[in-house]
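One-letter residues, chain by chain:
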Amino acid sequence: METHSQGTTPKQQPQSLLNRIIDGISGIFLPLVNILSAAGIMKGLLAAAAAMELVSKSEGTYLVLNAMADSLFYYLPVLLAFTAAKKFGANPYTAVVIAGVLLHPSLTALFADHQQIRFFGLPVEPVNYPSSAIPIIMAVGLLVYVERLCDKYLPGIIKGFFTPFFSIIIVSAATLLLFGPMGTFIGDALAKGYSFVYDLSPVGAGMALGGAIQVMVIFGLHWSLVPLAINNIAMNGSDTILALMGPAAFAQAGAALAVFLRAKDNSFKTLSLSASISALFGVTEPAMFGVNLPLRKPMVAVCCAGAVGGGMAGMFHSAAISFAFPGLATLPAYLGDGFGGFLISCAAGLAISFIITLLVKLDFSRIGKA
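Predicted model only: the values in this text are computed from it and were never measured. (Residues numbered from 1 in each chain as written. Predicted model: local features only at pLDDT ≥ 70, side-chain atom pairs only at ≥ 80, totals over all residues. Heavy atoms only, no water.)

Caption draft 1: Molecular detail of the side chain of Gln252. Position of Gln252 among the secondary structure elements: in helix H11 (residues 241-262). Looking at Gln252, the relative accessible area reads 0%, which means it is buried. Separated by 2.7 Å, the side chains of Gln252 and Asn292 make a polar contact. Setting aside residues no more than four positions away along its own chain, Gln252 makes contact with Gln214, Ala279, Thr284, Ala287, Met288, Asn292, Met299 and Val302. (Helix = DSSP H or I, 4+ residues; strand = E, 2+ residues; numbered from the N terminus. Buried < 20%, exposed > 50% of the residue type's maximum accessible area, 1.4 Å probe, protein only. Polar contact = N/O pair within 3.5 Å; in protein donor to acceptor, adjacent residues only side chain to side chain. Contact = heavy atoms within 4.5 Å.)

Below, the structure is given as structure tokens:
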């Protein structure tokens, strides 16, 4: 990423709507990636332990461990409220309180029973707010403008406490009456659209996403898939998007490992090896930006291997049972349908990119120009 010192910064061109959306999503979810992965690993390990009857779902031990693993996903709107407020410039504590309104037991119990309530005569549709992402992000977007209006028109002597007072009432009401149903509709539409494409051809969907995902990472477009994956898990208990992405991540590791074996410069060999290890654990940026993309052909190998591995993951109907970007440490999050096939597809992605990168001619002079 290019940076400019103050005083010499060129005039910034206005971002397109798509770029603003992607930038917003990445800024909201990036601070939560590690904790999401940790919780996903915990859920996967617990599911495996229950399946092997190492722990009974009726035992207190299971209930406590499940609370540890599931708390982040149940209270995800609270964390998203905080990060979204930081990104958009709203008061994060007011945003958290609004998220708490959506998760209040008296409301969630009624919504779970699909009971419609009325707020000042207006119908409040039952929405499953725990684990949801879209409604609270929309709420924080509105909160920014409500706070600005309060800051502009309220007298200074009462601004400090009346700004959150009006903000909580207005934004909470708007979310319960409007954003909640809208978010549910958008989430359902996205999930059904993806399911339609996936059902047409799991292999084709896997090849398309597996081949494109690492290119999407370059431009930050992969963040647009995060809310959809979380929504799929919340609605269906599993998600295939993350599984289709897995082989491409391992392909980055395979290509970087091949570069390590072929490179002559000791410092670049060290970089390639460390980047390969990092990619194995799900962090592909060092391998992509530091090794494979500057050399060009290894990046092409990654895309080809990701497409083949993604198609295999689609063929095996592999899926994640909890949110976690694919990597060695997060494999327990994929202990659902097609787990064996997921391992095979990831191994294939790694092996294919490794072999291709070993065989093609590499121009190491590009490294000095990158």
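Once the structure has been displayed, the description carries forward.
Caption draft 2: Summary view of the state of the cysteines. For the structure on display, the rule yields zero disulfides. With no disulfide of its own, Cys304 lies closest to Cys303 among cysteine sulfurs, the gap being 6.9 Å. (Disulfide = S-S within 2.5 Å.)

Caption draft 3: Main features of the packing of helix H5 (residues 92-102) against helix H7 (residues 134-153). Two numbers describe how H5 lies on H7: the axes approach to 10 Å, and their chain directions differ by 135°. Relative to H7, the element H5 lies oblique. The handedness of the crossing between H5 and H7 is right-handed. Packed against H5, whose contacting residues are Thr94, Ala95, Ile98, Ala99 and Leu102, the element H7 presents Ile136, Val140, Leu143 and Glu147 at the interface. Classifying every residue of the contact of H5 with H7 by side-chain character gives seven nonpolar, one polar and one charged. (Axes fitted to C-alpha atoms, helices over the stretch in contact; angles between N-to-C directions. Parallel < 35°, antiparallel > 145°, perpendicular 65-115°, else oblique. Left-handed = near helix turned anticlockwise from the far one by under 90°. Nonpolar A, V, L, I, M, F, W, Y, C, P; charged D, E, K, R; others polar.)

Caption draft 4: Structural view of the pattern of salt bridges. On inspection of all chains with the given rule, the structure shows two salt bridges. Between Asp70 and Lys43 there is a salt bridge, and its shortest N-O distance comes to 3.0 Å. Taken together, the residues span a long stretch of sequence, with Asp70 in helix H3 (residues 60-74) and Lys43 in helix H2 (residues 33-51) at a distance of 27 residues. A salt bridge links Lys159 to Asp151; the nearest nitrogen and oxygen atoms lie 3.5 Å apart. Exposure remark for Lys159: the relative accessible area of 23% places this residue in the partly exposed category. (Salt bridge = Lys/Arg side-chain N within 4 Å of Asp/Glu carboxyl O.)

Caption draft 5: Quick look at the packing of aromatic side chains. What the rule picks out here adds up to 12 aromatic pairs. Put simply, the rings of Phe161, Phe162, Phe165 and Phe166 touch in pairs and so form one group of aromatic residues. Above the plane of the ring of Tyr145 lies Arg148, whose end atom (NZ or CZ) is 5.3 Å from the centre. The ring of Phe260 is capped by Lys269, whose NZ or CZ atom sits 4.5 Å from the centre of that ring. (Phe/Tyr/Trp six-rings, centres within 6.5 Å; stacked < 30°, edge-to-face > 60°. Lys NZ or Arg CZ within 6 Å of the ring centre and 35° of its normal.)

Caption draft 6: Just the packing of helix H9 (residues 202-219) against H11, in detail. Interhelical geometry of H9 versus H11 gives an angle of 50° and a closest axis separation of 8 Å. Between H9 and H11, the angle falls in the class oblique. Where H9 crosses over H11, the handedness of that crossing is right-handed. The segment H9 lies against H11, with Ala205, Gly206, Leu209, Gly210, Ile213 and Gln214 engaging Ile241, Leu244, Met245, Ala248, Ala249 and Gln252. Residue composition of the contact of H9 with H11, by class: eight nonpolar, four polar and no charged.

All quantities given are derived from atomic positions and should not be read as evidence of function.
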